[in-house]
Amino acid sequence: MTATLERAPVSKKRPVTPARVALHVFLVVTCLMTLAPLLWAVYASLRTYDDTSVNGYFSIAKSLTFDNFAKAWEIGDLPHFYWNTFLITVPALVVTLLLSSMVAFGVSRFSFKFNIALLMLFTAGNLLPQQVIVTPLWRLYRLIELPAWMSESESLIDSPLGVILIHIAFQMGFCTFVLSNYMKTIPYELTEAARVDGASVFRQYWQLTLPLCRPVLAALATLEFTWIYNDFLWALVLIQDGDKMPVTSALQNLRGTFFTDNNLIAAGSLLVALPTLVVFFVLQRQFVGGLTLGSTKG
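Everything numeric in this text was worked out from a predicted model, so none of it was measured.

Here the focus is the overall build of the chain. Of regular secondary structure, the chain possesses 13 helices and zero strands. Listed by position from the N terminus, the elements making up the chain come as α-α-α-α-α-α-α-α-α-α-α-α-α. Expected size for 298 residues packed as a compact globule is a radius of gyration near 19 Å; at 25 Å, the chain overshoots this value by more than 25%. For the chain, the C-alpha atoms occupy an extent of roughly 80 × 70 × 35 Å along the three principal directions. When the 298 residues of the chain are sorted by exposure, 37% land in the buried category. With the model as given, the accessible surface of the chain reaches about 18900 Å², and the carbon-plus-sulfur share is 67%. Computing the positive centroid from 20 side-chain charges and the negative centroid from 18, the chain places the two 18 Å apart.

Next comes the structure, spelled out in structure tokens:
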């Protein structure tokens, strides 16, 4: 018997065409334009106030230093405001994903009369501008009473709980829409087999469906953490005590009475943005995988 050797396929290089060159030039220019503000903030944060006041911001630095970061950390009291932000962001993120996954499981795995209408109701919430309900929501929050151990004002105003609830309300629509579409791609045979084996509805959701949704949950967690963390509108409207404000408000503490050190503010802005970058890089693989889910389906 003679063995036939198959030659491995040779990868062919794509020809360099003017269109491909123009595409890559466009992508490089777009990338640089996107990164330019961030890179400029890093450059400004490493310069001293005396250097920029004498030579201007659009000049070559005489010396670079990390002192602005230490000053921003101390003057802005960033650890305290980081804690305030995480008290809002983490509970809002966890509850949003939990409730959204429950609703998505119900509308995607079961057929009932108002199935589509319920999904449209959650999705339609994303179409409402948040600024429209600022005044009625503030009035409503003043009428809702809470015990003193939950809120010093004995209402949802000036309470982290009030900010958490409004974030959950606005973010659930998007998460429910994404999760329901992903759960529809999971074969129904898995749920039917679990039902035949005697699994309850909650067990089908918690032990079968939810573990299969880890990629999309990681992608949503990255997006939702960034959106809730960077939000400043609802904290500004609903929180009156400056000590309870999120970290995005800490930059106000870096502004002087008679002058503003923009180098110090640039350093503080980078420190404020650091947690979102850490979350993105930690969940980068899951985030990219979640964005491409279903892209290869026929």
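And the narrative resumes.
Helix length check: helix H1 (residues 18-45) (28 residues) gives 40 Å between terminal C-alpha atoms against 40 Å at 1.5 Å per residue, within 8%. A maximum bend of about 40° is found in H1 at Ala36, where proline Pro37 lies one to four positions downstream.

This next bit is on unusual backbone geometry. The phi angle at Asp77 is positive, at roughly 50°, despite the residue not being glycine. As for its position among the elements, Asp77 is in the loop between helix H3 (67-75) and helix H4 (78-109). Phi is positive for Glu154, which is not a glycine, with a value near 60°. Looking at the element boundaries, Glu154 is found in the loop between helix H6 (134-143) and helix H7 (160-183).

On to the packing of H4 against H7, then. Two numbers describe a pair of packed helices, the interaxial angle and the distance between the axes. Direction vectors running N to C along H4 and H7 enclose 35°, while the axes themselves pass 7 Å from each other. Taken as a pair, H4 and H7 cross one another with a handedness that is right-handed. Looking at the contact of H4 with H7 residue by residue, the class counts come to 19 nonpolar, eight polar and one charged.

What follows covers the UniProt feature "transmembrane region" (unreviewed entry) in the chain. Per the UniProt annotation, the sites labelled "transmembrane region" (unreviewed entry) are residues 21-43, 81-105, 117-141, 161-179, 212-229 and 264-283. Counting secondary structure, residues 81-105 comes out at 100% helix and 0% strand; the distance between its end C-alpha atoms is 36 Å.

Glancing now at empty space enclosed by the protein. Counted by the stated rule, this structure contains one cavity of 30 Å³ or more. The wall of the largest cavity is formed by Thr85, Ile88, Thr89, Val163, His167, Ile228, Tyr229, Asp231, Ala235 and Pro246. For the lining of the largest cavity, the elements supplying multiple residues, two or more each, are H4, H7 and helix H10 (214-230). The greatest single-element share of the lining of the largest cavity, amounting to three residues, is contributed by H4.

Attention now moves to the side chain of Thr89. Considering the arrangement of structural elements, one finds Thr89 in helix H4. Looking at Thr89, the relative accessible area reads 0%, which means it is buried. Once residues within four sequence positions are removed from consideration, Thr89 is found in contact with Phe225, Ile228 and Tyr229.

The next thing to look at is the nonpolar core. Core analysis: the largest hydrophobic core is formed by 57 residues, its most contacted members being Leu78, Tyr141, Ile166, Cys213, Trp234, Leu238 and Val247. For this core, the secondary structure elements donating two or more residues are H3, H4, H6, H7, helix H9 (201-212), H10, helix H11 (233-238) and helix H12 (262-282). Once residues within four sequence positions are removed from consideration, Cys213 is found in contact with Tyr182, Met183 and Ile186.

Turning our attention to the confidence of the model for the chain. Within the chain, residue pLDDT values average 85, and 91% of them lie at 70 or more. Per-residue pLDDT, averaged within each element of the chain, yields its smallest value for helix H13 (residues 284-291) (69) and its largest for H4 (93). Here residues 294-298 is a poorly scored stretch, pLDDT under 50, and it has one contact once near neighbours within four places are set aside; other chains count.

Counted under the stated rule, the structure contains three salt bridges. Close ionic contact of Asp51 with Arg47 constitutes a salt bridge, the shortest N to O distance being 3.4 Å. As far as the burial class goes, Asp51 and Arg47 line up, both buried. With a shortest N-O distance of 3.7 Å, Asp158 and Lys244 are connected by a salt bridge. Of the two residues, Asp158 sits in the loop between H6 and H7 while Lys244 sits in the loop between H11 and H12, which places them 86 residues apart along the sequence.

Reading guide: rules and limits
One numbering rule holds for all chains: residues counted from 1, following each sequence as written. For this predicted model, a pLDDT threshold of at least 70 governs which residues receive local features, and a threshold of 80 or more governs which side-chain atom pairs are given and counted, while totals over whole chains, interfaces and linings are taken from all residues. Only hydrogens and water are set aside; all other atoms, that is, all heavy atoms of the structure, feed into the side-chain values. Strands here are runs of E lasting at least two residues and helices are runs of H or I lasting at least four, both read from the DSSP assignment and numbered beginning at the N terminus. Throughout, radius of gyration means the C-alpha value; the globule benchmark is 2.2 Å times the number of residues raised to the power 0.38. Think of it in three bands: residues with accessible area under 20% of the maximum for their type are buried, residues over 50% are exposed, and the middle band is partly exposed, with areas taken using a 1.4 Å probe on protein chains only. Using the Shrake-Rupley algorithm and a 1.4 Å probe, accessible areas are obtained, with residue cover drawn only from the displayed protein chains. His residues and chain termini do not enter the charge count, which takes Lys and Arg as positive and Asp and Glu as negative. Here the site of a charge means NZ on Lys, CZ on Arg, CG on Asp, or CD on Glu. By this rule, a helix spans an expected 1.5 Å times one less than how many residues it contains. Each residue is assigned a bend, namely the angle between axes fitted to the seven residues that terminate at it and the seven residues that start at it. Fitting a line to C-alpha atoms yields each axis, with helices limited to the stretch in contact; the angle taken between N-to-C directions then spans 0 to 180 degrees. Rotating anticlockwise by less than a right angle from the far helix to the near helix defines a left-handed crossing, while the corresponding clockwise rotation defines a right-handed one. Under the scheme applied, nonpolar residues are Ala, Val, Leu, Ile, Met, Phe, Trp, Tyr, Cys and Pro; charged residues are Asp, Glu, Lys and Arg; polar residues are all the others, including Gly. UniProt positions are given in the numbering used here, feature names are shortened, and annotations may be inferred rather than shown by experiment. Points on a 1 Å grid over protein atoms alone make up a cavity when a 1.4 Å probe fits among them but cannot get out, and a pocket when they form an open set with protein on both sides within 12 Å along at least five of seven lines; lining residues each have an atom within 4 Å of a point. Grid points are joined across faces, edges and corners, and a volume is the space filled by probe spheres set on the points. Contact between two residues is taken to exist if any of their heavy atoms lie within 4.5 Å; hydrogens are not considered. Nine residue types can take part in a nonpolar core, namely buried Ala, Val, Leu, Ile, Met, Phe, Trp, Tyr and Cys, and a core is a set of them joined through side-chain atoms within 4.5 Å. On a scale of 0 to 100, pLDDT captures the predictor's confidence in every residue. Here a salt bridge means any side-chain nitrogen of Lys or Arg lying within 4 Å of a carboxyl oxygen belonging to Asp or Glu.

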